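Structural overview for review
So you can see what is in the structure, the chains are spelled out below.
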Amino acid sequence: MKRYIKWLLSIWVLCFIIILIKNEYSYKLLENANYGMPALIEKGKVKNLYIGSSMFRQGIDIMTLEENGEDNYVLAYNGNQPVLEYYQLRNLIENNVQIENLYVDMYVYSVWAQPKISDEKMLMEFGLREKWSIYYLISNGTSSENIKTFWQMFVSGNNELLATWVISNKAINNIFYKGGSTNRPMASEKEKLDALAIPQIDKTVNLVQLEYLKKLIHLAKDNKINIIFIESPKYDRMAKNQEYICAMEQYINYLNEESIEYVLCDLTWNYTEQNAEVERYLFDNSKSDYFVDNGHLSYLGRKEFTKQLINLQ
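Residues numbered from 1 in each chain as written. Predicted model: local features only at pLDDT ≥ 70, side-chain atom pairs only at ≥ 80, totals over all residues. Heavy atoms only, no water.

1. Thoughts on the overall build of the protein chain
On a plain count of helices and strands, the protein chain comes out with 15 helices and 8 strands. Expected size for 313 residues packed as a compact globule is a radius of gyration near 20 Å; at 21 Å, the protein chain falls within 12% of this value. Once the C-alpha set of the protein chain is aligned to its principal axes, its extents read approximately 75 × 45 × 40 Å. Out of the 313 residues in the protein chain, the part that is buried amounts to 51%. A fraction of 75% describes how many contacts in the protein chain between residues 6 or more apart in sequence connect residues 24 or more apart. Summed over all atoms, the accessible surface of the protein chain reaches about 15,600 Å², with 53% contributed by carbon and sulfur. (Helix = DSSP H or I, 4+ residues; strand = E, 2+ residues; numbered from the N terminus. Rg over C-alpha atoms; globule rule 2.2 N^0.38 Å. Buried < 20%, exposed > 50% of the residue type's maximum accessible area, 1.4 Å probe, protein only. Contact = heavy atoms within 4.5 Å. Areas by Shrake-Rupley, 256 points an atom, 1.4 Å probe, with all protein chains shown as cover.)

Next comes the structure, spelled out in structure tokens:
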């Protein structure tokens, strides 16, 4: 019996050590990758950093962006939110990455949503300290939900990816260049786009997200980083949706309060700007060839959108 207990304890200790190592040092596997924070930390500096959600990952064409002759990098994760973007930027700054211009994905749904982890791959890039901070922010549900979040963040997250790392790393790495996706998503037919439901949005901003949106802005300012918010194109039906417009108007007001520069789609917005530096780009968001769904661009749309951004720089 004692032998069995010792064996069981040894297994638990070994599992604990493996989990600890995974959570603290998994980022080292990405230091030579074509994407993510560790690779950018290894690089040491970048002139233009684009940070955001899949709207940026699928909406910024890194190859077209490189035509501006400047140093660019895309840091984008599925469902990225201000809470997480703040910790991403802080992680880069604490690791002495020099950033001249920070372009932030102006995705209103992320500011109105409850903080959560949508992209587990991000967890590989943080150490334990950052993960604990993020966990305390997002573990505000029931006990069972908090346990589930803890298990996802510290135990189960990325286990399959790590177990197949020799194969999966090469496959994932090959679809990125300087953080930008090199995939070429096809557009959807207009009939399919017009039939898509418009995602619902809460009536009020999430106060935690708003707090960290402002902390992100102040962190950039305190470190002499020029910060600019960019509204990525949304399909015509979504862009004209009243709930989306109302939420975006509030978002714009928050940026105006901070005197932050932002870039809007000219065909989407028509309002009076106050106390803000605002630029516009021309994008035909009624053209179905440019979209995969309501918010994600096709390869053709991605190239067009990126060309517009280059013209503004």
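2. Remarks on the packing of helix α7 (residues 128-138) against helix α8 (residues 143-156)
Running from amino to carboxyl end, α7 crosses α8 at an angle of 160°, the nearest separation of the two axes being 11 Å. In terms of orientation, α7 and α8 fall into the roughly antiparallel class. When the axes of α7 and α8 are compared, the crossing they make is right-handed. Residue-level contacts link L128, K131, W132, I134, Y135 and I138 of α7 to N146, T149, F150, M153 and F154 of α8. Grouping the amino acids of the contact of α7 with α8 by side-chain chemistry returns 8 nonpolar, 2 polar and 1 charged. (Axes fitted to C-alpha atoms, helices over the stretch in contact; angles between N-to-C directions. Parallel < 35°, antiparallel > 145°, perpendicular 65-115°, else oblique. Left-handed = near helix turned anticlockwise from the far one by under 90°. Nonpolar A, V, L, I, M, F, W, Y, C, P; charged D, E, K, R; others polar.)

3. Observations concerning the pattern of salt bridges
Within the structure shown, the criterion is met by 13 salt bridges. R90 serves as the salt-bridge partner of E94, at 3.6 Å between the closest nitrogen and oxygen. Highlighted residues: E94 and R90, both in helix α5 (residues 82-94), separated by 4 residues, approximately one helical turn. The residue R129 makes a salt bridge to E94 at a minimum N-O spacing of 2.5 Å. (Salt bridge = Lys/Arg side-chain N within 4 Å of Asp/Glu carboxyl O.)

4. Digging into the state of the cysteines
Taken as a whole, this structure holds 0 disulfides when the rule is applied. Free of any disulfide, C246 has its nearest neighbouring cysteine sulfur in C265, separated by 18 Å. Overall, C246 belongs to the partly exposed group, its relative accessible area being 35%. On the accessibility criterion, C265 (1% relative accessible area) is buried. (Disulfide = S-S within 2.5 Å.)

5. Remarks on empty space enclosed by the protein
If a probe the size of a water molecule is rolled over the atoms, the empty space left behind becomes visible. Counted under the stated rule, the structure contains 2 cavities of 30 Å³ or more. Reported here for the largest cavity is a volume of approximately 40 Å³. Around the largest cavity, the lining residues are K22, S26, L123, M124, K131, M153, G157, N158 and L162. Residue composition of the lining of the largest cavity, grouped by class: 4 nonpolar, 3 polar and 2 charged. Of the voids in this model, the second largest cavity is the one considered here, and its volume is about 30 Å³. Lining the second largest cavity we find L30, Y35, K121, M124, E125, L161 and W165. Of the residues in the lining of the second largest cavity, the class split is 5 nonpolar, no polar and 2 charged. (1 Å grid on protein atoms, 1.4 Å probe; cavity = no way out; pocket = protein on both sides within 12 Å on 5 of 7 lines; lining within 4 Å. Points joined across faces, edges and corners; volume = space filled by probe spheres on them.)

6. Some thoughts on the packing of aromatic side chains
Within this structure, the stated rule accounts for 21 aromatic pairs. Aromatic side chains Y86 and Y87 sit 5.1 Å apart centroid to centroid with 80° between the ring planes, which places their arrangement in the edge-to-face category. In this structure Y86 comes out as buried when scored by relative accessible area, which is 10%. The class of Y87 is buried, set by a relative accessible area of 6%. With a centroid separation of 6.0 Å and 45° between ring planes, the pair formed by W132 and F150 is classed as tilted. (Phe/Tyr/Trp six-rings, centres within 6.5 Å; stacked < 30°, edge-to-face > 60°.)

7. So, the environment of E211
Following the sequence through the fold, E211 ends up in helix α12 (residues 207-222). Sequence separation between E211 and P82 is 129 residues; the distance between their C-alpha atoms is 8.6 Å.

8. Considerations on the packing of α5 against α12
Contact geometry of α5 with α12 gives a least axis separation of 8 Å together with a crossing angle of 25°. For the element pair α5 / α12, the angle class is roughly parallel. Note on packing geometry: the crossing formed by α5 with α12 is left-handed. Packed against α5, whose contacting residues are P82, V83, E85, Y86, Y87, L89, R90 and I93, the element α12 presents V208, Q209, Y212, L213, K215, L216, L219 and A220 at the interface. Looking at the contact of α5 with α12, its residues break down into 12 nonpolar, 1 polar and 3 charged.

9. Concerning unusual backbone geometry
The phi torsion at K178 lies on the positive side, around 50°, for a residue other than glycine. With respect to the element layout, K178 can be found in the loop between β4 (176-177) and β5 (180-181). With phi around 55°, S259 is a residue other than glycine that occupies positive phi space. Along the chain, S259 falls in the loop between α14 (242-257) and β7 (261-265).

By themselves, these are just geometric observations and shouldn't be taken as functional.
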